[in-house]
Amino acid sequence: MLDTSVDKLYGVGDRKRKLLEKINIRTFGDLLMAYPHRYIDRRRVISVSALKTGALGCIEAKVVEVQQKRAKKEILSVTVESHFHQGEMVFFSPKYLKNAFEVGQSYYFFGKMDKTGMFFKMLQPEFAKVGTKGFLGIIPVYPLTAGISNKEMIAYKKGVLSALQGKIMENLPEFVVQEAKLVTRMTAFTQIHFPDSAEAYKAAKRRLVFEELFILQLKLMLLKQNYHKPIKAPYTIPEDFEFWISRLPFQLTQAQKRTLDEIKTDITSGYAMNRLIQGDVGSGKTILAFAAIFLAVLNHKQAVLMAPTALLAEQHYEGFKKIFGNTITVALLTSDVKAKNKEALKNQIALGDIKVVIGTHAIIQEDVVFESLGLVITDEQHRFGIRQRMNVALKGNQPHTLIMSATPIPRTLSLILYGDMDVSLVDELPEGRKPIKTHFIKPEKVSDMYGFIDKRIQEGRQVYVVCPLVEDSEAIDLTSATGHYEHLRNRFPDYEIGLVHGKMKSSEKETIMKAFHENKIQILVSTTVIEVGINVPNATIMVVMDSERFGLSQLHQLRGRVGRGEVQSYCFLLSEKLGKTSKERIESLVNSSSGFEIAERDLMLRGPGEVFGLKQHGLPELRLASLIEDKKTLKEVQKYVKMIIAEYEMNNVQVKRYIQKLSNELETWFTL
Ligand SMILES: Nc1ncnc2c1ncn2[C@@H]1O[C@H](COP(=O)(O)OP(=O)(O)OP(=O)(O)O)[C@@H](O)[C@H]1O
């Protein structure tokens, strides 16, 4: 029933159907789920004397005279009386409304009051004869498109609701509806559009938010189930591996050890690994990825590591070669690799001569074929999304998947974004790291800061300077990387200064980054291209220009580029214009070094859409639910979904049948 086309509805012809399609309404279900974006409370009729000038309200008045007048343009003036008050209702479409009023008849008028003494006036009020059903009440206001009025939309919603009366099936398990004290689906749809009271609206909204989150969560959990299939050849952990670990230049932290144990358990378990490694900036995730790759290779499988940028892929590639030398064949595959080379590499990959492929997600879009892909690692998953991670997973015959994310995601949200995965937390920094000293720098202190930087460079350290723009712009008064690069060259004539930004060719960027890695460049001016993952432990100062322009998590990421060695590091946040909220934001950064705390705050200040880009994750947009405001409901939902999945695992027939029945709704998102 919900998928009935809207043109089956009375009043919706071809023209209206096309207009509705423009706002993504094609079926009865779409109509029901296009919720009001606000409501007008028109439950009571107010006396003219009680309605103050400027206030919105509904009055009752008798029409005394109707006149078509010409002021600046043609208007319809309706003279009315209400007790001892006389008033004028003014309309700007006189022809259309000419016959709308009967003299002597009383009407409701809803509009903004304008009073002078005993005389009152309303411009373009909504109106209806006294006693008209449906005029008084809580009135929904819908997002519209030109050619469809709110009144029409209301009529469509009423039409659908009455057509579907008694035909909308419950889509939540009965025990959940009861235990969570939810209203039925039918009641919820009716009351969300035409609430009888504030309480009824709240109950309807809670039910629909619950349902939305429930389906999403269930889908993700089922996805996880789907991964959970036995694989042909479980890996073994050869002694060579343990020997290699013991020979690393550093001791793994407890958190790294724990995560590595979890990885080992996964890949030897007989099931495909599907794990997310979440670690704060600099916690040492890369070595864990390399360890997993080594395990795959030792088990005669190929492995792929995908990074979000060419720069990062290159860094991983260099890092990999440094650790493994020539013992493992590895290829770098980014969009920069020349077509001819790429073909040759692809051939070798297909033959299994190359064991490890490191590159950008370009790899997954192209037709790379593996001889025997056993492990897929994605660095910085949040840029890729669920869909992509499945694409690659499908390339191999159930490869193990590992995702590394440096964006600390609050737990509730991570269950949504990564609900289909097991999670390891690397919540400890390597020993000897000193907390980064973060300071806010006022304009008058900038020259002191330069003095400080000068001294550190003389001690052999390096500096990042991040700017919000690539080039100067007349329209936006912000520091540009190119402009600031020139400025710093004048300020520090004795040092080598480099510049990288997104508009440069990758090969140029790589050359500069290489020079920075080798300390041939002391100050690196850049845009946020260096935001994720760049690792140059000798760089100990991060300067962020116009810091108010960046999100908190982004600033935390930027700050994480320093403090990666044992030397004391600093982060200087500059800003000329600092409002109250941006000041609060910067202060929370100065006071906290935990990515999780900061992400939680960022989420509160900017919302998840901004922070994580839900769409980029391949998740559907939530219609009513908010991952922040509805956190409590989300937790409740998660509790029930876990119960259902547990039953599912135990082959509970009823649960299986329920999920089967729901499959259509579940399929609306990504297909398995
Ligand atoms: N246990 C350890 N002890 C000392 N140094 C370590 C340890 N583990 C990793 N490192 C070093 O710490 C630095 C940061 O590690 P890595 O680049 O893996 O961080 P990350 O977790 O990927 O951080 P980001 O997300 O910021 O890129 C590297 O120079 C790495 O060699």
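Everything numeric here is computed off the predicted structure, so don't read it as measured data.

(A) Spatial organisation of the site of the ligand. The full set close to the ligand counts 19 residues, and Gln-251, Gln-256, Gly-282, Thr-286 and Arg-433 are the nearest of them. Contact between the ligand and Ser-283: an oxygen atom at 3.3 Å from a main-chain N or O atom of the residue. Relative to its unbound accessible area of 630 Å², the ligand is 84% covered by the protein chains. Each residue belonging to the shell around the ligand can be placed in one class, and the counts come to six nonpolar, nine polar and four charged. Each of domain 3 (239-426) and domain 4 (437-592) accounts for three or more of the residues forming the shell around the ligand.

(B) Inspection of the packing of aromatic side chains at higher detail. Following the criterion strictly, the structure yields 25 aromatic pairs and no others. Among the aromatic side chains, those forming a connected cluster through ring pairs are Phe-241, Trp-244, Phe-290, Phe-294, Phe-320 and Phe-324. The ring of Phe-452 carries Arg-456 above its face, with NZ or CZ at 4.4 Å from the centroid. Taking the ring centre of Tyr-648 as reference, the NZ or CZ of Lys-656 above it sits at 4.8 Å.

(C) Looking closely at unusual backbone geometry. For Asp-546, which is not glycine, the phi dihedral falls at a positive 45°. On the secondary structure map, Asp-546 appears in the loop between strand S21 (539-544) and helix H19 (552-559).

(D) Structural detail: the sheet that holds S21. An order of S17-S22-S21-S18-S20-S19 is seen for the six strands of this open sheet, with the pairing classed as parallel. Each having just a single partner strand, strand S17 (437-441) and strand S19 (497-500) make up the two edges of the open sheet. Averaged over all pairs of adjacent strands, the angle between their axes in this sheet comes to 20°, without regard to strand direction. The pairing of strand S18 (residues 462-466) with S21 spans five bridges and is classified as parallel. Within S21, the position partnered with Val-466 by the bridge is Val-544. Sitting on the sheet, helix H18 (residues 506-517) is in contact with S18, S19, strand S20 (523-526) and S21, with an inclination near 140° to S19. Against the sheet, H19 touches S17, S18, S21 and strand S22 (570-574), its axis set at about 150° to S21.

(E) Structural detail: the packing of helix H16 (residues 446-458) against helix H17 (residues 481-491). The N-to-C vectors of H16 and H17 enclose an angle of 65°; their axes lie 13 Å apart at closest approach. For the element pair H16 / H17, the angle class is roughly perpendicular. The interaxial crossing formed by H16 with H17 has right-handed handedness. Across the interface between the two elements, Ser-447, Tyr-450 and Gly-451 of H16 pack against His-484, His-487, Leu-488 and Arg-491 of H17.

(F) A look at the nonpolar core. Ile-293 and Tyr-464 are the most contacted members of the largest nonpolar core, which has 67 residues in total. No other element matches helix H10 (residues 286-298), which puts 11 residues into this core. The residues contacting Tyr-464, other than those within four sequence positions of it, are Phe-516, Leu-524, Ile-530, Ile-534, Val-536, Ala-539, Ile-541, Met-542, Val-543, Arg-561 and Val-562.

(G) View of the sheet that holds strand S7 (residues 119-123). Across the sheet, which stays open at both edges, the seven strands sit in the order S6-S7-S4-S3-S2-S5-S8 with mixed pairing between neighbours. Among the strands making up the open sheet, the edge pair consists of strand S6 (114-116) and strand S8 (126-129). The mean angle between the axes of side-by-side strands here comes to 35°, regardless of whether they run parallel or antiparallel. With seven bridges connecting them, strand S2 (residues 56-70) and strand S5 (residues 106-112) associate as antiparallel partners. Within the sheet, the bridge partner assigned to Cys-58 lies in S5 and is Phe-110.

(H) Layout of the pattern of salt bridges. Within this structure, the stated rule accounts for 22 salt bridges. Ionic pairing is found between Glu-242 and Lys-264, a salt bridge with its closest N-O pair at 2.9 Å. Here Glu-242, found in helix H8 (residues 239-246), pairs with Lys-264, found in helix H9 (residues 254-268); they are 22 residues apart in sequence, far enough to count as distant. Residue Arg-275 is joined to Asp-266 by a salt bridge in which the shortest nitrogen-to-oxygen separation is 2.6 Å.

(I) Structural detail: the pairing of S20. Along S20, one buried face is formed by Ile-523 and Val-525 and the opposite face, lined by Leu-524 and Ser-526, is buried too. Where S18 meets S20, four bridges bridge the pair, whose relative direction is parallel. Across the sheet, the residue bridging to Val-466 is Ser-526, located in S20. Pairing of S19 with S20 involves four bridges; the strand directions are parallel. Directly across from Gly-498, in S20, lies its bridge partner Leu-524. After leaving S19, the chain enters H18 and then returns to the sheet as S20, a path that is right-handed.

(J) Spatial organisation of the packing of H8 against H10. One can describe the packing of H8 onto H10 by two numbers: an axis separation of 10 Å at closest approach and a directional angle of 155°. Taken together, the axes of H8 and H10 lie roughly antiparallel to each other. Once H8 is placed against H10, the crossing between them reads as right-handed. Taken together, the residues of H10 that come into contact with H8 (itself represented by Asp-240, Phe-241 and Trp-244) are Ile-287, Phe-290, Ala-291, Phe-294, Leu-295 and Leu-298. By residue class, the composition of the contact of H8 with H10 is eight nonpolar, no polar and one charged.

Cut-offs and rules
- Residues numbered from 1 in each chain as written.
- Predicted model: local features only at pLDDT ≥ 70, side-chain atom pairs only at ≥ 80, totals over all residues.
- Heavy atoms only, no water.
- Near = heavy atom within 4 Å.
- Polar contact = N/O pair within 3.5 Å; in protein donor to acceptor, adjacent residues only side chain to side chain.
- Areas by Shrake-Rupley, 256 points an atom, 1.4 Å probe, with all protein chains shown as cover.
- Nonpolar A, V, L, I, M, F, W, Y, C, P; charged D, E, K, R; others polar.
- Domains from an automatic or database assignment.
- Phe/Tyr/Trp six-rings, centres within 6.5 Å; stacked < 30°, edge-to-face > 60°.
- Lys NZ or Arg CZ within 6 Å of the ring centre and 35° of its normal.
- Helix = DSSP H or I, 4+ residues; strand = E, 2+ residues; numbered from the N terminus.
- Pairing = 2+ DSSP bridges.
- Axes fitted to C-alpha atoms, helices over the stretch in contact; angles between N-to-C directions.
- Contact = heavy atoms within 4.5 Å.
- Parallel < 35°, antiparallel > 145°, perpendicular 65-115°, else oblique.
- Left-handed = near helix turned anticlockwise from the far one by under 90°.
- Core = buried A, V, L, I, M, F, W, Y, C linked by side-chain atoms within 4.5 Å.
- Buried < 20%, exposed > 50% of the residue type's maximum accessible area, 1.4 Å probe, protein only.
- Salt bridge = Lys/Arg side-chain N within 4 Å of Asp/Glu carboxyl O.
- Right-handed = clockwise from strand over helix to strand, strands pointing away.

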